[in-house]
Structures are given as structure tokens and as C-alpha cells.
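Chain by chain, the residues run as shown.
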Amino acid sequence: MIPSVETRGIPSPFRRLLLTDFWDGPVEGLAVDSNGAVYAFDLLDWDEHHSVRVFSIAAVPDLRWIDLKGALQPHGTEDWTEWVLPVSLPPEAEALLQRAEAANTVIAVVATSDLLATIEVWRPVAGPLAPVEGDGWLESLGLPRRGRSQA
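Residues numbered from 1 in each chain as written. Predicted model: local features only at pLDDT ≥ 70, side-chain atom pairs only at ≥ 80, totals over all residues. Heavy atoms only, no water.

(A) Region of interest: the packing of aromatic side chains. Summed over the entire model, instances satisfying the criterion amount to 3 aromatic pairs. Seen from their ring centres, F14 and W122 are 6.2 Å apart, and the 35° between their planes marks the pair as tilted. Residue F14 is found in strand β2 (residues 14-22), and its partner W122 is found in strand β8 (residues 118-124); the two are separated by 108 residues along the sequence. On the accessibility criterion, F14 (0% relative accessible area) is buried. Ring pairs connect the aromatic residues F14, Y39 and W122, which therefore count as one cluster. (Phe/Tyr/Trp six-rings, centres within 6.5 Å; stacked < 30°, edge-to-face > 60°. Helix = DSSP H or I, 4+ residues; strand = E, 2+ residues; numbered from the N terminus. Buried < 20%, exposed > 50% of the residue type's maximum accessible area, 1.4 Å probe, protein only.)

(B) Here's a closer look at the pattern of salt bridges. Going through the model one piece at a time under the given rule, you end up with 4 salt bridges. Among the ionic pairs, R8 bridges to E6, the shortest N-O distance being 3.0 Å. Taking the relative accessible area as the measure of exposure, R8 reaches 42% and is therefore partly exposed. Looking at E6, the relative accessible area reads 37%, which means it is partly exposed. Across the salt bridge formed by R145 and E139, the nearest N and O atoms sit 2.7 Å from each other. Salt bridges sharing common partners tie together E6, R8 and R123. (Salt bridge = Lys/Arg side-chain N within 4 Å of Asp/Glu carboxyl O.)

(C) Broad picture of helix α2 (residues 91-102). Between the first and last C-alpha of α2 there are 16 Å, a value that for 12 residues agrees with the 16 Å anticipated at 1.5 Å per step. Buried within α2 we find A93, L96, L97 and A100. Looking straight down α2, one finds its buried side chains confined to an arc of 100°; they lie on one side. For α2, the exposed residues set more than 90 degrees away from the buried face come down to P91 and A102. (Expected span 1.5 Å × (residues − 1). Arc of directions from axis to C-beta.)

(D) Main features of the layout of surface pockets. Its volume calculated, the largest pocket comes out at about 160 Å³. Here the lining of the largest pocket gets 4 residues from one element, more than from any other, and that element is α2. Taken together, the residues that form the lining of the largest pocket break down as 6 nonpolar, 2 polar and 3 charged. (1 Å grid on protein atoms, 1.4 Å probe; cavity = no way out; pocket = protein on both sides within 12 Å on 5 of 7 lines; lining within 4 Å. Points joined across faces, edges and corners; volume = space filled by probe spheres on them. Nonpolar A, V, L, I, M, F, W, Y, C, P; charged D, E, K, R; others polar.)

(E) Examining the sheet that holds β2 more closely. Strand order in this open sheet of 8 strands is β1-β8-β7-β5-β4-β3-β2-β6, and the pairing throughout is mixed. With one partner strand each, in any of the chains shown, β1 (7-11) and β6 (82-84) form the two edges of the open sheet. Strand-to-strand twist in this sheet, taken as the mean axis angle between neighbours without regard to direction, amounts to 30°. Bridging between strand β5 (residues 53-64) and strand β7 (residues 105-112) involves 7 bridges; their strand directions are antiparallel. The residue bridging A58 from the neighbouring strand is V106, located in β7. Packed onto the sheet, helix α1 (residues 65-72) meets β2, β3 (26-33), β4 (37-46), β5 and β6 and runs at close to 85° relative to β5. In this fold α2 packs onto β2, β3 and β5, with an angle of close to 115° to the strand it touches most, β5. (Pairing = 2+ DSSP bridges. Axes fitted to C-alpha atoms, helices over the stretch in contact; angles between N-to-C directions. Contact = heavy atoms within 4.5 Å.)

Now the structure itself:
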């Protein structure tokens, strides 16, 4: 279930990740919840050890897991929970990814060390995502920036 108020230490609502970018962990892609709804996520911030990452979460209307599964069927989508998508996809799958990137609305900013496990902070967002003031997203969510070198 997608929280409507700021919540901490909750089980992730997501069951699958389709990663379109990866750097020592997820950077961007699509997340699928237990009801088959699809959400786009983008990395906003991370601590220096990449142990906690902050993502924007955007609802993707009119796109369901069943649509993605059909477009990706030749790639064996049943056997995975996290998948880095290949560079070359079938045209139908590529069209769905482009649609998801273009037609989404940010609904939350989340902090987690694993998008499929526990969400440390889920903060709903109303309206366009505004830049964070101060040190960064981790600090704005009340989390320490682990690994920052002390000057």
C-alpha cells in the first residue's frame, strides 16, 4: 500500500524492479507493486557508501505490470525481482518505457537501502518536486550522511 502521510520504517510496497540505470545499485527505472501498478523512480541523493539512497517515486498512470510482462515476455520475466534491462529491447517494450518516462507524476520521495525491502522514510509530495535546500535530500529527510569525510 502506498502511504498518504510521511511514514518511517515500513515494508516496501514494491515487488519488482526494472532497472534502466545502475551504478553500485539502482539509479532509475520502474518499480511494480503487489497490485501490478507501475511507478518510475529516479535517484536524487545517496550517502558516500551507497548504503542509503533517496529516490523520487512517480505514479505511471495507465501502465500495469501485465503490459510490461507481455512486452518483455521473450526475456523470461517470471524468474526475477530485480532486472537491469538490456540496452536493446523489443519495440513494444521500448515504447512502454518511453511512455512511463513521459507520463508520470511524482508522488513521494523515499530513502532506503533496498527498494524491495524496508523504506526508511516515505515522504509524500504534492505538486512538482522542488529542489531541496541545505545539504541534500538525506538531511532533509532527517537521515545521517554516512561516510562523509570529516574536514
